[in-house]
Amino acid sequence: MIRVELSYHLRNLARTGTGVTLAVGGEVTLRSTLDALEAAYPTLRGTVRDHVTGQRRPLLRFFAGECDLSHDSPDAPLPEAVQTSREPLLIVGVVAGGRVTSLRPRSSEVRRRGTPLCTFCDGTHNRDGQMCPSYVRHTFQAMA
Amino acid sequence: MNPDRIYASQSSSWFGQVIQRSDDGGKTWNPVGNQFNHEGTTGTHQWYDGTPHPWEFKRVWHLESSLTDPDTVYAGVEDAAIFRSTDGGQNWQELPGLRTHQSGFQWAPGAGGLAVHTILLDPTNPDRIYVAISAAGAFRSDDGGKTWKPINRGLKSKYLPDPNAEVGHRVHRPAMHRSRPDTLFKQLQWNVMRTDDAGENGNLISGNLPTDFGFPIEVHAQELDTVYVIPITSDSEYYVDDGKLRVYRSRTGGTDWEVLTNGLQQQDCYVNVLRDAMSVDTLDSCGISFGTSGEQVYCSPDGGDHWKAIVRDLPPFVSVEVQTLP
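This is a predicted model, so every value here is computed, not measured.

## So, the overall build of chain A
Right, so step 1: On a plain count of helices and strands, chain A comes out with four helices and five strands.
Right, so step 2: Beginning at the N terminus, the succession of helices and strands in chain A can be written as β-α-β-α-β-β-α-β-α.
Right, so step 3: Here chain A, with 144 residues, has 26% of them falling under the buried criterion.
Right, so step 4: Restricting the contact set of chain A to residue pairs at least 6 apart, pairs at least 24 apart contribute 53%.

## Brief notes about the confidence of the model for chain B
Right, so step 1: With 100% of its residues at a pLDDT of 70 or more, chain B shows a mean pLDDT of 94.
Right, so step 2: Under the prediction, the complex receives an ipTM of 0.78, its pTM being 0.85.

## Some details on the nonpolar core
Right, so step 1: Membership of the largest hydrophobic core comes to 104 residues, with the highest contact counts inside it found for L89 and I91 of chain A together with V77, I82, V116, V131 and I133 of chain B.
Right, so step 2: Residues contacting I82 of chain B, with those up to four places away along its chain left out, are Y74, G76, L95, L98, V116, I119, V131 and G145 of chain B.

## With respect to the interface of chain A and chain B
Right, so step 1: Taken together, the contact pairs 12 residues of chain A with 10 residues of chain B.
Right, so step 2: A total of three residues in the side of chain A that touches chain B trace back to one element, the largest contributor, which is helix α1 (residues 8-14) of chain A.
Right, so step 3: Broken down by class, the residue content of the side of chain A that touches chain B amounts to five nonpolar, six polar and one charged.

## Focus: the sheet that holds strand β3 (residues 60-64) of chain A
All names here are of chain A.
Right, so step 1: A sheet is described by the order of its strands in space; here five strands give the open sequence β2-β1-β5-β3-β4, paired in mixed fashion. The open sheet has two edge strands with one neighbour each: β2 (19-22) and β4 (67-68).
Right, so step 2: The pairing of strand β1 (residues 2-6) with β2 spans four bridges and is antiparallel. Following the sheet pairing, E5 is matched in β2 by G19.

## Here's the deal with helix α2 (residues 30-40) of chain A
Residue and element names in this part refer to chain A.
Right, so step 1: Those residues of α2 not exposed but buried are L30, T33, L34 and L37. For α2, the angular spread of the buried residues around the axis is 95°, confining them to a single face.
Right, so step 2: Close packing links the buried residues of α2 with β1, β2, β3 and β5 (89-93).

## Focus on unusual backbone geometry
All names here are of chain B.
Right, so step 1: Here the amide bond leading from E78 into D79 is cis, since omega sits at -5°, within 30 degrees of zero.
Right, so step 2: In the segment running from S134 into A135, the intervening peptide bond is cis, with an omega of 5°.
Right, so step 3: Within the fold, A135 resides in the loop between β11 (129-134) and β12 (137-141).
Right, so step 4: Of note, D242 is a non-glycine position whose phi angle comes to about 65°, a positive value.
Right, so step 5: Structurally, the position occupied by D242 is in the loop between β20 (237-240) and β21 (247-250).
Right, so step 6: Judged by C-beta crowding, with 13 C-beta atoms within 10 Å, D242 ranks as partly exposed.
Right, so step 7: One non-glycine residue, T255, lies in the positive phi region at around 75°.
Right, so step 8: Position of T255 relative to the elements: it lies in the loop between β21 and β22 (258-260).

## Quick notes on the pairing of β1 of chain A
Residues and elements named next belong to chain A.
Right, so step 1: Burial of the side chains of β1 is restricted to one face: I2, V4 and L6 are buried, whereas none of R3 and E5 on the reverse face is.
Right, so step 2: For β1 and β5, the ladder comprises three bridges, and the chain directions are parallel. For V4, the partnering residue across the bridge sits in β5 and is L89.

## What about the environment of I230 of chain B?
Residues and elements named next belong to chain B.
Right, so step 1: In this fold, I230 is placed in strand β19 (residues 227-234).
Right, so step 2: Along the sequence, I230 and S179 sit 51 residues apart, while their C-alpha atoms lie 24 Å from each other.
Right, so step 3: With sequence-adjacent residues up to four places away left out, I230 is seen in contact with G214, P216, V247, V273, M278 and F290.

## Remarks on the sheet that holds strand β1 (residues 6-12) of chain B
Right, so step 1: If you walk across this open sheet you meet the three strands as β1-β2-β3 (chain B), and the pairing is antiparallel. With partners counted over all chains shown, the strands left at the sheet margins are β1 and β3 (30-31) of chain B, one partner each.

## Some points on the pairing of strand β24 (residues 288-291) of chain B
Residue and element names in this part refer to chain B.
Right, so step 1: Residues of β24 alternate between two faces, with I288 and F290 on one and S289 and G291 on the opposite face, all of them buried.
Right, so step 2: As paired elements, strand β23 (residues 278-280) and β24 share three bridges and run antiparallel to each other. Of the residues in β24, the one forming a bridge with S279 is S289.
Right, so step 3: Taking the residues that link successive antiparallel strands as the turn, the β24-strand β25 (residues 297-300) hairpin has five residues, and the phi of E295 there is positive, at about 80°.

Rules behind the numbers
Residues numbered from 1 in each chain as written. Chains lettered and ligands numbered in written order. Predicted model: local features only at pLDDT ≥ 70, side-chain atom pairs only at ≥ 80, totals over all residues. Helix = DSSP H or I, 4+ residues; strand = E, 2+ residues; numbered from the N terminus. Buried ≥ 20, exposed ≤ 12 C-beta atoms within 10 Å, placed from the backbone. Contact = placed C-beta atoms within 7 Å. pLDDT = per-residue confidence, 0-100. Core = buried A, V, L, I, M, F, W, Y, C linked by C-beta atoms within 7 Å. Nonpolar A, V, L, I, M, F, W, Y, C, P; charged D, E, K, R; others polar. Pairing = 2+ DSSP bridges. Arc of directions from axis to C-beta.

Next comes the structure, spelled out in structure tokens:
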């Protein structure tokens, strides 16, 4: 079972609590999870992904385990922690305001902190000062 | 028709378009269909700078229930197109004749977008539909929405290369009386206009109005030639003129306007009233209500002679609809 946490507006539309639990058949990806979500809660169709293109709405983000999955392929497997229900998949609206660039760590900051920040890759991309290809794959809680 | 059935459109950049329907007079609401797919191929319209821009669905601006079938409802959307549902909003089908009108490639958005913002249904002729599009102008269909004709003759828009062009005008809001559907009153971006032949010809009726800019316009429920507008300062100053909230009423079908102020704030008031935010009831005395960007709803129970703020401290009003219950 996959746990999904929804933002306020989405759970109002779905008439559900913060979190829902979904049975996802086959490989657990963003696409298959969202398919299961929309099948279970049809009122969410068109609110997370565009009806026609299937694209994520630009002001929604997908997070899991302190990582941003928004720019991942919809057919990439979700992290193991999500697949085993250890972590929920978060579907949230972006928070307007602030500096977007603050989400982008400079490589020097990563090197300086030197902390394995991502629970999924265990900091693999941080070693040797390399960035994860998805620029906010790593969270920066430790930098706060 | 069913007075307990009400539709509402919600849209946001976050979650897209949602349509909700109440079947108990607004006590409870349930989401219905929100899929608005264009029929066939989509071409381009003009962008603000005149370059071609692909036609996209962005949001629903206006919902208009059929006057004869309780399950039929029309949606005016941005980018300019009209959709119809015959199952209470669960499924939507485009009436593509409007979007694919031969002039469509020339249409350009107004400041708020390129949208069908008003739909008027002729109570005497189920095949006749009027729409207004910012910023293309007004159109009429005489075959239930299959084909459309621009009805902007007599309308002049300064700054257009051709001020008398067939399309490209800013009709902010048309209004009609149910018993005289061939007469339309239009609040334009600049001026107020009247047509008495379903849009074939028109005359400016701004007369002594203090400014030429405004959004809402309404017709008295019992008096066919009594019309209301709320002028604002200018096309770049979206608030009432001189800090005074004033409704203007013409009892002569336009040109001669009287100012109505009794109960309305007359100093330091800088609110706007949007196109969909004024509405009349059908009582003999004709109540009229409007909501402001300053979060109040004012109501006059006597056709505009006396006003009172009946609602306050809500978010800015986009739409005010009045229902007259038996």
